[in-house]
Amino acid sequence: MRAEASLSQWKRLYDLTIKIKELEPWKQLWDIDLITIFMPDMEEPCYFSIMGKSGEHFGIGTYVGYDGINSFCEIFESQETKVPIEYVMSELNNLSCIFGSREEVPNRQRKIIKDLGLKFRGKNNWIFFESNKKGYIPYILDEKEVVLLTKLYEQLFHALQTLLVDGFKVDFEEGETFVRAYDRKTNQWVSFSAPLSFPRSSYSDIVVEDEVFLKRLEKKKGVNTRLEIDMVYTNAFVEDEGFDRPINPKLLLLVDHDSGVIIYHKLLTPFDEDSKYIFSGVINYINEVGRPPVIYYRNGNIKTVINDLCERVGIRVEYMRELPKTSKVLEDFLNRVR
């Protein structure tokens, strides 16, 4: 159950963030110059990206554990994986601090700032926070997130002092990261540089192993209808009692490439397993209508689900940057729900 942070908890986080901001770390660090912190009570490291050196968006991205940092890496790999960047950005798992303008600050955050008696003036000087979580709308931090981020920022401040003030050398261009970790043997925090490495998520195809099932599908008649399949975030603010924060549903669509007729659709919540419904849409079509000659996609995550299945039953899977008929359906749908 969600619990909101107290004003005193928010104050501690804001106090630390202001100290970090005063170091102006974006003047020396690019957003890909990652800082890694190993907390003594956490199994996986936390990663920090400092934004602002390009002069556009200022802030701090905190990526907790390998799931978090992998979602960061997927931004830079989106061309290779053929996943639309807007979809990748909606899949981010991070705790974000933003140095923005007054009009950007959500109302609840603005009230906290006012209640704390903080005075911010001008562009890139208003401090506020967002929790980004796959399947959900960016939202205000809850109590656990405020406490966690405060604990992490205590170490991030020390890390930035060592790196920026003391002049600790790290070869970020050669793939190194600045590391701060707690040494249990000496009961002290230590700093060092190290090659940046972490487990990467796999984009290998999902393999269907039921040979009898595949043979049955392979025997279905071939049809001339070409299909488009896509999955997008609706960016609709949906509140549901089953979730502790507003969700951002995905819309899965299977559409006739020539006529634009919707063949299958499903609105997916964070509890839904995407692959299950992607399979269902394609398999039900084959069973009820027949095997299409080709299925066009523009989201590489869908390809990993259907590629092996389609290869085994004689259906081509082809990438298209734009899916014309699906885009029209999506536009009409999103205009209705927003």
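This one's a predicted model, so the numbers in the text were calculated from it and none came from an experiment.

Overview of the sheet that holds strand E2 (residues 46-51)
Judged by pairing direction, the sheet is mixed, and its 7 strands sit side by side in the order E5-E4-E3-E2-E1-E6-E7 without closing on themselves. Each end of this open sheet is capped by a strand with a single partner; those strands are strand E5 (126-132) and strand E7 (188-195). Taken pair by pair, the neighbouring strands of this sheet meet at an average axis angle of 20°, ignoring direction. Pairing of strand E3 (residues 58-64) with strand E4 (residues 94-100), which is carried by 5 bridges, proceeds in the antiparallel orientation. Counted as the bridge partner of Gly 61 is Ser 96 from E4.

A look at the nonpolar core
In this structure, Trp 10, Ile 35, Phe 129 and Tyr 153 are the most contacted members of the largest nonpolar core, which totals 44 residues. At the level of secondary structure, the elements contributing two or more residues to this core comprise helix H1 (7-22), strand E1 (35-38), E2, E3, E4, helix H5 (107-115), E5 and helix H6 (143-165). When residues in this core are grouped by element, the largest group, 10 residues, is from H6. Once residues lying within four places of it in the same chain are set aside, the contact partners of Trp 10 are Ala 5, Gln 109, Ile 112, Leu 116, Phe 129, Ile 140, Leu 141 and Val 146. Counting 33 residues, the second-largest nonpolar core is a separate cluster that includes Ile 278, Tyr 297, Val 305 and Cys 310.

What to know about the packing of aromatic side chains
One pass over the full model with this rule turns up 15 aromatic pairs. Ring centres of Phe 120 and Trp 126 lie 5.8 Å apart, and the angle between their planes is 70°; this geometry places the pair in the edge-to-face category. With a relative accessible area of 8%, Phe 120 lands in the buried category. Overall, Trp 126 belongs to the buried group, its relative accessible area being 11%. Through successive ring pairs, a cluster of aromatic residues spans Trp 10, Tyr 14, Phe 120, Trp 126 and Phe 129. Between the NZ or CZ atom of Lys 21 and the centre of the ring of Phe 99, over which it lies, the distance is 5.7 Å. Over the ring of Tyr 319 we find Lys 82; its NZ or CZ atom is 5.4 Å from the centre of that ring.

Section: the sheet that holds strand E12 (residues 316-319)
Strand order in this open sheet of 5 strands is E10-E9-E8-E11-E12, and the pairing throughout is mixed. Among the strands making up the open sheet, the edge pair consists of strand E10 (262-268) and E12. Looking at each pair of strands side by side, their axes are set apart by 20° on average, direction ignored. When strand E8 (residues 227-233) meets strand E9 (residues 250-256), the two strands line up antiparallel, connected through 7 bridges. From the neighbouring strand, Val 232 faces E9, where its bridge partner is Leu 251. Taken strand by strand, helix H8 (residues 274-288) contacts E8, E9, E10 and strand E11 (294-297), and its axis lies near 165° from that of E10.

Criteria and cut-off values
Residues numbered from 1 in each chain as written. Predicted model: local features only at pLDDT ≥ 70, side-chain atom pairs only at ≥ 80, totals over all residues. Heavy atoms only, no water. Pairing = 2+ DSSP bridges. Helix = DSSP H or I, 4+ residues; strand = E, 2+ residues; numbered from the N terminus. Axes fitted to C-alpha atoms, helices over the stretch in contact; angles between N-to-C directions. Core = buried A, V, L, I, M, F, W, Y, C linked by side-chain atoms within 4.5 Å. Buried < 20%, exposed > 50% of the residue type's maximum accessible area, 1.4 Å probe, protein only. Contact = heavy atoms within 4.5 Å. Phe/Tyr/Trp six-rings, centres within 6.5 Å; stacked < 30°, edge-to-face > 60°. Lys NZ or Arg CZ within 6 Å of the ring centre and 35° of its normal.

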